[in-house]
Amino acid sequence: MDPTFLSATQLADLVHTRKIGALELLDHFITRTENHDPRINAVVVRDFDRARTCARQLDSQSDKSAPFFGVPMTAKESFDIEGLPTTRGHVTAKETPVRKSSIAIRRLQAAGAVVFGKTNVPVDLADWQSYNPVYGATANPWNTDHTPGGSSGGSAAAVAAGLTGMDIGSDIGGSIRVPAHYCGIYGHKPTHALLPNYGDPATSSAAGTDISVIGPIARSSSDLAVALDILAGPDPDETAMTMLLPAPRFTSLKELRVAVWAEQSGQATDQETTARLLELADALRREGAIVSSTARPAFDATEAYHLYLRLLDAGWSGRNSEQATANKRKRAAALPADDNSADAIMVRMVDVTHRAWLGLNEKRLQWRRAWSAFFREWDVLLCPVIATAALPHRQDGNTWDRKITIDGKQIAYNDMLFWPGLTGGYHLPATAAPMGSTKAGLPLGVQIVGPIYGDRSTIEAAALLERAWMGFKPPPGW
């Protein structure tokens, strides 16, 4: 059996049943990486020797029951792995190995995973492209003229191309969901703070970042479910408390109550994306699900989106240098008063006071409760992941200076934050799953959103769609 495009759980089963050894399986993916990665440049940090040592040790063990036992995997470059650099795209960090792996990496390794490399990112994880001066640019295996997304673009490209068993990414503005959608695979953005990620104190923030989360990227919903069990729960260095997530609310499509939000006035969404989502809604109705195309949470969508943008900018402002902050002040001062683009809303947050932020956070939590009330009537919400399928490569200057065209209308590049932010800004779990493809053959994904701590429900909905609608398909030629 060719293991290339099997799910991580299927790969683990091959090793559990001794149909293949951990080292043999690892060497298969290392060979694929060596032979095929030059086409897309996804696995940019390689740790093959240590991975082989780990795989040999696993092969010598009699108990092979760990959930990801022997599964070769990669991790987003921003994760700390002991002995490897964490650069986030900065040349100055390339020669400095970290001293301690992130909690997530340690948990995956304890579950039997063999981590053999790290995958590419944009600088500071702040783009839907994945290129940087350290490792160059990563391409989409479905069409190498296009981006695999960002910031977990290398992760999604490697998984889709069959270079790795699975990967793990992070998401603050769609950085798990968008690459999964662009590359035709699965990704889970969990409830905020459910999955801890503290690592080397020299490179990890003890406080973390508002909105930002980590989560698995894989070829099957089953891998997301297993990874969630492994990764969820508090940092054991702080507490021995454990977490019991609610079970899925449903077991079949007939039991499902689905709200569908396919488009929003004032927010550009590609017609192919909207049409495919409406087709999916019709299919769910035929399967017996209760489906509404008009149900919405009780707030103004544009106001909720703008609140997300303000909180997003405040959240990642800690990454900014003094020079970058000074530049933002200049940009803010030059803005026309009527500029309500995403970039304008964010840049005006440059010197927000803590008191003002507390007011924004209070409003966010009020609207999060509106989301919770919405999800008392509906099990999941289906909506686009982002406005379009995978974009062509864009490396022209700053993201706030870029424009893109959607169905003949030009918009600012960062105005695509609507669909990722409307849900992510309120700490909701969301699973990205394959939904179809464009006429040009690029993948389209659906964002499956649930209530706070409803992670098992969004993943279960993805599993039902995987069986009844569409699952992962390998890109041609891989």
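What you are looking at is a predicted structure, and each value in this text was computed from that prediction instead of being measured.

So, the confidence of the model for the protein chain
Close reading of the predicted structure is inappropriate where its pLDDT is low. The share of residues in the protein chain with pLDDT of 70 or more is 100%, and the mean pLDDT across the chain is 97. Per-element mean pLDDT across the protein chain ranges from 93 in helix H10 (residues 322–334) up to 99 in helix H5 (residues 153–160).

Describing the environment of Leu-253
When you line up the elements, Leu-253 lands in the loop between helix H7 (221–231) and strand S9 (257–260). Residue class for Leu-253 comes out buried when judged on its relative accessible area of 8%. Setting aside residues up to four positions removed in sequence, Leu-253 forms contacts with Leu-284, Glu-287, Gly-288, Ala-289, Leu-464 and Ala-468.

Description of unusual backbone geometry
Omega for the bond connecting Gly-150 with Ser-151 falls within 30 degrees of zero, at 5°, which places this linkage in the cis form. Mapped onto the elements, Ser-151 comes out in the loop between strand S5 (136–137) and H5. With a phi close to 60°, Arg-18 is a non-glycine residue in the positive phi region. Here Arg-18 lies in the loop between helix H1 (8–16) and helix H2 (22–36). Phi at Arg-88 takes a positive value of approximately 50°, unusual for a residue other than glycine. Assignment of secondary structure puts Arg-88 in the loop between strand S2 (72–76) and helix H4 (103–110).

What to know about the pairing of S9
With three bridges connecting them, S9 and strand S10 (residues 290–292) associate as parallel partners. Paired with Ala-259 across the two strands is Ser-292, which belongs to S10. After leaving S9, the chain enters helix H8 (residues 271–286) and then returns to the sheet as S10, a path that is right-handed. Sheet topology places S9 next to strand S11 (residues 380–384); three bridges connect them, and they run parallel.

Overview of the packing of aromatic side chains
One pass over the structure, following the stated rule, counts twelve aromatic pairs. Joined through ring pairs, the aromatic side chains of Phe-299, Trp-367, Trp-371, Phe-374, Phe-375 and Tyr-426 make up one cluster. Across from the ring centre of Trp-478, 3.8 Å away, lies the NZ or CZ of Arg-39, which sits over that ring.

Details of the nonpolar core
Residues Ile-168, Trp-371 and Leu-382 are the most contacted members of the largest nonpolar core, which totals 138 residues. The biggest single contributor to this core is helix H9 (residues 301–316), with nine residues.

Quick notes on the sheet that holds strand S7 (residues 186–189)
Spatially, the eight strands line up as an open sheet ordered S6-S8-S7-S14-S15-S11-S9-S10, and their pairing is mixed. Each end of this open sheet is capped by a strand with a single partner; those strands are strand S6 (167–171) and S10. Sheet twist, expressed as the average angle between the axes of neighbouring strands with direction ignored, equals 25°. Sheet contacts for H8: S9, S10, S11, strand S14 (430–437) and strand S15 (443–449); angle to S11, the most-contacted strand, approximately 150°. Across the sheet, helix H14 (residues 455–468) lies against S7, S11, S14 and S15, angled at about 140° from S15, the strand it touches most.

What counts and how
Sequence order sets the numbering: in each chain, residues are counted from 1 along the sequence as written. In keeping with the model being predicted, local features are shown solely for residues with a pLDDT of at least 70 and side-chain atom pairs are shown and tallied solely at 80 or more, while totals for entire chains, interfaces and linings include all residues. Computation of side-chain values: all heavy atoms of the structure, hydrogens and water removed. pLDDT measures the predictor's confidence residue by residue and takes values from 0 up to 100. Secondary structure elements are taken from DSSP: a helix is a run of H or I of four residues or more, a strand is a run of E of two residues or more, and numbering for both begins at the N terminus. The buried label goes to any residue with under 20% of its type's maximum accessible area, the exposed label to any with over 50%, and the partly exposed label to all in between, with areas taken from a 1.4 Å probe on protein chains only. Whether two residues are in contact is decided by their heavy atoms: any pair within 4.5 Å suffices. Strands are labelled as partners when DSSP assigns at least two bridges between them. If you view a crossover with the strands going away from you and the path from the first strand over the helix to the second runs clockwise, you call it right-handed. Geometry of aromatic contacts follows a simple scheme: Phe, Tyr and Trp rings, the Trp one being its six-membered ring, pair when their centres are within 6.5 Å, and the pair is stacked under 30 degrees between planes, edge-to-face over 60, tilted otherwise. Each ring is checked for a lysine NZ or an arginine CZ that lies within 6 Å of its centre and within 35 degrees of its normal; such an atom marks a charge sitting over the ring. Nonpolar cores were defined as sets of buried Ala, Val, Leu, Ile, Met, Phe, Trp, Tyr and Cys residues, with membership established by side-chain atoms within 4.5 Å. For helices, the axis comes from a line fit to the C-alpha atoms of the stretch in contact; other axes are also lines fit to C-alpha atoms, and the angle between any two N-to-C directions lies between 0 and 180 degrees.

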